[in-house]
Amino acid sequence: AYWIVLTSTVLTFIFSTFYLYHEYNVKLENFEQEITNIHKKNLKVLNHSIWHYDKTAIKAFLEDTVDINRITYAKINISNKLIETVGIPKKKNVIEKRFVFSKIIEKHKYIIGELVIQGNKNVVWDDVKKLALKMFFAEFLKVIFMTTFIIFLLKKLFVDNLEKMATYAENLSIDNLKDELFVTSNKPNISDEFDTVFLAFDDMRKNLLNEINQSNEIKKELASFRHAIEKSYNSIVITDLDRNITYVN
């Protein structure tokens, strides 16, 4: 569980960082496009207002454009002279876009003014932070769920069977060798690694039981021979190679 949580957290952090970086750039591009669209939508009106030096219309446009959060500053210059401005200009964490207005008179293009708009980058960063919190919260729940599920599977498929096998081995004796280690799968023609281990363990039990039965048969035969020798009327002596007596009836 510890390694699952640790690995999942590290991988989530790495991949989420790349994803959030990409998402930040996409949102930044969209924000820049949003500022550009302000110019495009009002191009004709602004051209007319600047050309006719309509300060009231220019002032109204700037006030409608600037808000507290997203567009924090806007100004319009006419003939390099500042005519109207709304908001407070900043040097950091802003997107600044400049748009030039021109007029064609007798096939000559004349620059009549300039629009400057500043957008607050912190708005994009705040959106990405909200997305990051949602992502990490969702990933955290997923890691907890997957960890719990995997632990359940390990307990069900791995630990329980090992405990049965360990309990059987601890209680194994000559008296209960006839009891089968029945922990294999109930599905016919389907086996896994544990079935292979359990079948091998059960084969060991059967071989041991068979050897014990053979040994008992040999003991019975030896007992019969010993009984016959003990009851024999003839003297029977067994010695080693040095003629030391090891048995006499």
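Attention here is on the structure that accompanies the text. None of the values given here were measured: they were computed from a predicted structure. Each residue is numbered by its place in its chain's sequence as written, counting from 1. The model is predicted, so local features are restricted to residues of pLDDT at least 70 and side-chain atom pairs to those at 80 or more, both for listing and for counting; the totals for chains, interfaces and linings are taken over all residues. Side-chain measures were taken over the full set of non-hydrogen atoms in the model, leaving aside hydrogen atoms and water.

**With respect to the environment of Thr7**
Threshold: A helix here means a DSSP run of H or I that spans at least four residues, while a strand means a run of E at least two residues long, and both kinds are numbered starting from the N terminus. Polar contacts, as counted here, are pairs of nitrogen or oxygen atoms within 3.5 Å of one another; within protein the pair requires one atom able to donate a hydrogen and one able to accept it, and residues that are adjacent in sequence qualify only if both atoms are side-chain atoms.
Note on placement: Thr7 falls in helix H1 (residues 2-41). Separated by 136 residues in sequence, Thr7 and Val143 have C-alpha atoms that sit 9.8 Å apart. A polar contact of 2.7 Å, which involves the side chain of Thr7, links it to the backbone oxygen of Trp3.

**Notes on helix H3 (residues 55-65)**
The line we're drawing: With a 1.4 Å probe rolled over the protein chains alone, any residue whose accessible area is under 20% of its type maximum counts as buried; one over 50% counts as exposed, and the rest are partly exposed. Of all possible arcs, the one meant is that of the directions from the helix axis to the C-beta atoms. Only heavy atoms enter the contact rule, under which two residues are in contact if any of them lie within 4.5 Å.
Every buried residue of H3 is listed here: Ile58, Phe61, Leu62 and Thr65. Around the axis of H3, the buried residues are gathered within 95° of arc, so they sit on the same side. Residues of H3 that are exposed and point more than 90 degrees away from the buried face comprise Thr56 and Asp64. On its buried side, H3 packs onto H1, helix H2 (43-51), strand S1 (71-78), strand S2 (81-87) and strand S4 (108-120).

**What to know about a nonpolar patch on the surface**
We apply this condition: Like-charged residues are merged into a patch within 9 Å and nonpolar side chains (Val, Leu, Ile, Met, Phe, Trp, Tyr) within 5 Å, provided each residue has over 30% relative accessible area and no salt bridge. Residue exposure ignores everything except the shown protein chains as possible cover, and the areas themselves are Shrake-Rupley values with a 1.4 Å probe. Within this document, salt bridges are pairs made up of a side-chain nitrogen of Lys or Arg and a carboxyl oxygen of Asp or Glu, the two lying within 4 Å of each other.
Judged by side-chain polarity, Tyr2, Trp3, Leu6, Val10, Leu11, Phe13, Ile14, Phe15, Phe18 and Phe136 come together as a nonpolar surface patch covering roughly 1,100 Å² of accessible area. By residue number, the principal contributor to the nonpolar patch is H1, which donates nine residues. Tracing the chain through its elements places Phe15 in helix H1. Of the residues examined, Phe15 reaches a relative accessible area of 58% and is grouped as exposed.

**A few points about the nonpolar core**
One broad trend across soluble globular proteins is that nonpolar side chains are buried collectively. Quick note on the threshold: As used here, the term nonpolar core means buried Ala, Val, Leu, Ile, Met, Phe, Trp, Tyr and Cys residues forming a set that is joined through side-chain atoms within 4.5 Å.
Ranked by size, the top nonpolar core spans 23 residues in total, and within it Leu62, Ile76, Leu115 and Ile117 carry the most contacts. Among the elements of the structure, H1, H2, H3, S1, S2, strand S3 (94-105) and S4 are those that each provide at least two residues to this core. What Ile117 contacts, discounting residues up to four positions off in sequence, is Ile35, Ile38, Ile71, Tyr73, Ala74, Ile95, Glu96, Lys97 and Phe99. Of all hydrophobic cores here, the second largest spans five residues; its members include Met165, Tyr168, Phe198 and Phe201.

**Quick word on unusual backbone geometry**
You will see that Tyr53, though not glycine, has its phi angle at about 55°, which is positive. Topologically, Tyr53 is positioned in the loop between H2 and H3. Its identity is not glycine, yet Asn93 carries a phi of approximately 55°, on the positive side. Relative to the helices and strands, Asn93 resides in the loop between S2 and S3. Residue Asn93 is classed as partly exposed on the basis of its relative accessible area, which comes to 47%.

**Some words on the packing of aromatic side chains**
For clarity, the cut-off: Pairing of aromatic side chains requires ring centres within 6.5 Å, counting the rings of Phe and Tyr and the six-membered ring of Trp. Pairs whose planes differ by under 30 degrees are stacked, by over 60 edge-to-face, and all others tilted.
Scanning the model with the defined rule gives three aromatic pairs in all. An angle of 80° between the planes, with centres 5.5 Å apart, marks the rings of Tyr2 and Trp3 as edge-to-face. For the pair Tyr2 and Trp3, a shared accessibility class is recorded, and that class is exposed. Look at Phe145 and Phe149: their rings are 6.3 Å apart centre to centre, the planes differ by 5°, and that puts the pair in the stacked class. One end of the pair, Phe145, and the other, Phe149, are both in helix H4 (residues 121-170), four residues apart, so they sit about a helical turn from each other. Assessed through its relative accessible area of 55%, Phe145 is described here as exposed. Relative accessible area serves as the criterion here: at 38%, Phe149 is assigned to the partly exposed category.

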